[in-house]
Amino acid sequence: MGKVYSQKEFIAEAMKRGWSISTARGKGSHVWCFKDGERPFPIPQKIKDGINAYIKKRLGITK
């Protein structure tokens, strides 16, 4: 499964990989990632195993 990332770590990785982050969209503690030509996705504050794997796949993280 690899490393389990926190919301802050995912945000930093997304920004490194060219994604824009929006805290204004949605509600609660979720932040949204946007990139031209890609479907936007949320990053919740509490990240479970399945969500961790999904976000890693979307960002192209292999570790």
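Residues numbered from 1 in each chain as written. Predicted model: local features only at pLDDT ≥ 70, side-chain atom pairs only at ≥ 80, totals over all residues. Heavy atoms only, no water.

**Thoughts on the packing of aromatic side chains**
- This structure, assessed with the given rule, holds three aromatic pairs.
- Ring geometry for Trp-19 and Phe-41: centres 5.0 Å apart, planes at 75 degrees, overall edge-to-face. Here Trp-19, found in the loop between α1 (7–16) and β1 (20–22), pairs with Phe-41, found in strand β3 (residues 41–43); they are 22 residues apart in sequence, far enough to count as distant. Both residues of the pair, Trp-19 and Phe-41, count as buried.
- Chaining the aromatic ring pairs together yields one cluster made of Trp-19, Phe-41 and Tyr-54. (Phe/Tyr/Trp six-rings, centres within 6.5 Å; stacked < 30°, edge-to-face > 60°. Helix = DSSP H or I, 4+ residues; strand = E, 2+ residues; numbered from the N terminus. Buried < 20%, exposed > 50% of the residue type's maximum accessible area, 1.4 Å probe, protein only.)

**Quick word on the environment of Tyr-5**
- Locating Tyr-5 in the fold gives a position in the segment before α1.
- Taking the relative accessible area as the measure of exposure, Tyr-5 reaches 6% and is therefore buried.
- Spatially, the C-alpha atoms of Tyr-5 and Asn-52 are 6.9 Å apart, while their sequence positions differ by 47 residues.
- With near-sequence residues (within four places) excluded, Tyr-5 lies in contact with Phe-10, Glu-13, Ile-47, Asn-52, Lys-56, Ile-61 and Lys-63. (Contact = heavy atoms within 4.5 Å.)

**Let's talk about the nonpolar core**
- If you look at the biggest cluster of nonpolar residues, it comprises 13 residues, and the most contacted ones within it are Phe-10, Trp-19, Cys-33, Phe-41, Ile-43, Ile-55 and Leu-59.
- Broken down by secondary-structure element, the contributors of at least two residues to this core are α1, β2 (31–34), β3 and α2 (49–59). (Core = buried A, V, L, I, M, F, W, Y, C linked by side-chain atoms within 4.5 Å.)

**Some remarks on α2**
- Every buried residue of α2 is listed here: Asn-52, Ile-55, Lys-56, Arg-58 and Leu-59. Projected down its long axis, α2 shows its buried positions confined to an angular sector of 160 degrees, all on one face. Within α2, the exposed residues directed more than 90 degrees away from the buried face are Gly-50 and Lys-57.
- Contacts from the buried residues of α2 go to α1 and β3. (Arc of directions from axis to C-beta.)

**Digging into the sheet that holds β1**
- Pairing within the open sheet is antiparallel, and its three strands lie in the order β1-β2-β3. Two strands close off the open sheet at either side, each with one partner strand: β1 and β3. Sheet twist, expressed as the average angle between the axes of neighbouring strands with direction ignored, equals 35 degrees.
- Relative to β2, β1 runs antiparallel, the two sharing three bridges. (Pairing = 2+ DSSP bridges. Axes fitted to C-alpha atoms, helices over the stretch in contact; angles between N-to-C directions.)

Functional significance is not addressed by these values, which are geometric in nature.
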